[in-house]
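Letter by letter, the chains look like this.
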Amino acid sequence: MTLAAEQKSAEVTDWAARVGWLVGLALFVALVYWLMREGWKWRGTLQSGLPELPTTPEDLGEPTLALTGRYHGSTTAGQWLDRIVARGLGTRSRAELTLHPEGLDVVRPGAAGFFVPADAVLGARLDKGIAGKVLPEGGLLVITWTHGDQVIDSGFRSDRAAEHPAWVKALGTLEAEDAAASAAPHPHHDRTTEGTAR
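First, a word on scope: everything that follows refers to the structure included in this document. (Residues numbered from 1 in each chain as written. Predicted model: local features only at pLDDT ≥ 70, side-chain atom pairs only at ≥ 80, totals over all residues. Heavy atoms only, no water.)

**Things to note about the overall build of the protein**
Working step 1: Check the secondary structure of the protein and you find three helices and 10 strands.
Working step 2: When its helices and strands are written in sequence order, the protein yields α-β-β-β-β-β-β-β-β-β-β-α-α.
Working step 3: In the protein, which comprises 198 residues, the proportion classed as buried is 29%.
Working step 4: Of the contacts made within the protein by residues no fewer than 6 positions apart, 61% connect residues no fewer than 24 positions apart.
Working step 5: Of the roughly 12300 Å² that the protein leaves accessible, carbon and sulfur atoms contribute 61%. (Helix = DSSP H or I, 4+ residues; strand = E, 2+ residues; numbered from the N terminus. Buried < 20%, exposed > 50% of the residue type's maximum accessible area, 1.4 Å probe, protein only. Contact = heavy atoms within 4.5 Å. Areas by Shrake-Rupley, 256 points an atom, 1.4 Å probe, with all protein chains shown as cover.)

**Structural notes on the packing of aromatic side chains**
The geometry of an aromatic ring pair is captured by the separation of the ring centres together with the interplanar angle, meaning the angle of the planes.
Working step 1: Applying the stated criterion across every chain, the model contains three aromatic pairs.
Working step 2: The interplanar angle of 55° and the centroid separation of 5.4 Å between the aromatic rings of Tyr 71 and Phe 156 together place this pair among those described as tilted. Highlighted residues: Tyr 71 in strand β1 (residues 65-76) and Phe 156 in strand β10 (residues 150-158), separated in sequence by 85 residues. Phe 156 carries the same exposure label as Tyr 71, and that label is buried.
Working step 3: Grouping aromatic residues by their ring pairs yields a cluster made of Tyr 71, Phe 114, Trp 145 and Phe 156.
Working step 4: Directly above the aromatic system of Tyr 71 lies the positively charged group of Arg 108, at a separation of 4.6 Å from the ring centroid. (Phe/Tyr/Trp six-rings, centres within 6.5 Å; stacked < 30°, edge-to-face > 60°. Lys NZ or Arg CZ within 6 Å of the ring centre and 35° of its normal.)

**Regarding unusual backbone geometry**
Working step 1: The residue Arg 87 is not glycine, and still its phi comes out positive at about 60°.
Working step 2: Tracing the chain through its elements places Arg 87 in the loop between β2 (83-84) and β3 (93-100).
Working step 3: Its identity as a non-glycine residue notwithstanding, Ala 131 has a phi of 50°, on the positive side.
Working step 4: Mapping Ala 131 onto the fold places it in the loop between β7 (129-130) and β8 (133-134).

**Things to note about the nonpolar core**
Working step 1: Membership of the largest hydrophobic core comes to 26 residues, with the highest contact counts inside it found for Leu 97, Phe 114 and Ile 143.
Working step 2: Every element with two or more residues in this core is listed here: β1, β3, β4 (103-107), β5 (114-117), β6 (121-127), β9 (140-147), β10 and α2 (164-183).
Working step 3: Residues contacting Leu 97, with those up to four places away along its chain left out, are Leu 65, Ala 66, Leu 67, Leu 104, Asp 105, Val 106, Ile 143, Phe 156 and Trp 167.
Working step 4: Within the second largest apolar cluster, five residues are counted, among which are Ile 130, Ala 131, Leu 135 and Val 142. (Core = buried A, V, L, I, M, F, W, Y, C linked by side-chain atoms within 4.5 Å.)

**Focus on the side chain of Ser 158**
Working step 1: Mapped onto the secondary structure, Ser 158 falls in strand β10.
Working step 2: The buried category is assigned to Ser 158, whose relative accessible area is 4%.
Working step 3: The contact partners of Ser 158, leaving out residues within four places of it in the chain, are Leu 67, Thr 68, Gly 69, Glu 163 and His 164.

**Regarding the pairing of β4**
Working step 1: Of all the five residues making up β4, four are buried; the element is thus mostly covered by neighbouring parts of the structure.
Working step 2: Alignment of β3 against β4, held across five bridges, turns out to be antiparallel. Among the inter-strand pairings, Thr 98 is bridged to a residue of β4, identified as Asp 105.
Working step 3: Remark: two residues form the turn of the hairpin made by β3 and β4, two consecutive strands paired antiparallel.
Working step 4: Note: β4 against β5, four bridges, orientation antiparallel. In the strand pairing of β5, Gly 103 is matched with Pro 117.
Working step 5: Turn length for the β4-β5 hairpin, with the two strands adjacent in sequence and antiparallel, is six residues, and the turn residue Gly 110 shows positive phi of about 85°. (Pairing = 2+ DSSP bridges.)

See below:
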């Protein structure tokens, strides 16, 4: 009889310990989540000076490339852990990219899309990580662009990763074309110079 009572007491004690452990674990998870959320808000406050993102122009030319996949986030260029969360850039989502002569259109179902003008594109590369997300080598298309006084890396992964090299080449060509257009003599400038020479 005494032995049975001791066994019953031990079972109750074990159950109470389990409940206590689960409650402690739940509180720990809640604390970590709260700290992450506060950190996210704090980072967003620090980045509040980032201008509003450009919206898609209505008169875009025919797209030269299209891609569907995922948007994995944006960081300060060259710093894959320095995540940018302002203006919705910190939200991971599905994404549809189309490349036009005027620039890159990013549509994100369930999140704010944005447009990168051609003169803001600085190039693209294949990489494996951004904003804390790590993928297989070359599994990430990272597009570098400027917005305001910020240089940004944005990471995308196509549903068909074999498409990435074509995007790197096309965005590099877009950058080169824009640089050539900027360097070309302006007709008005030539006339002014010519008139001055006379």
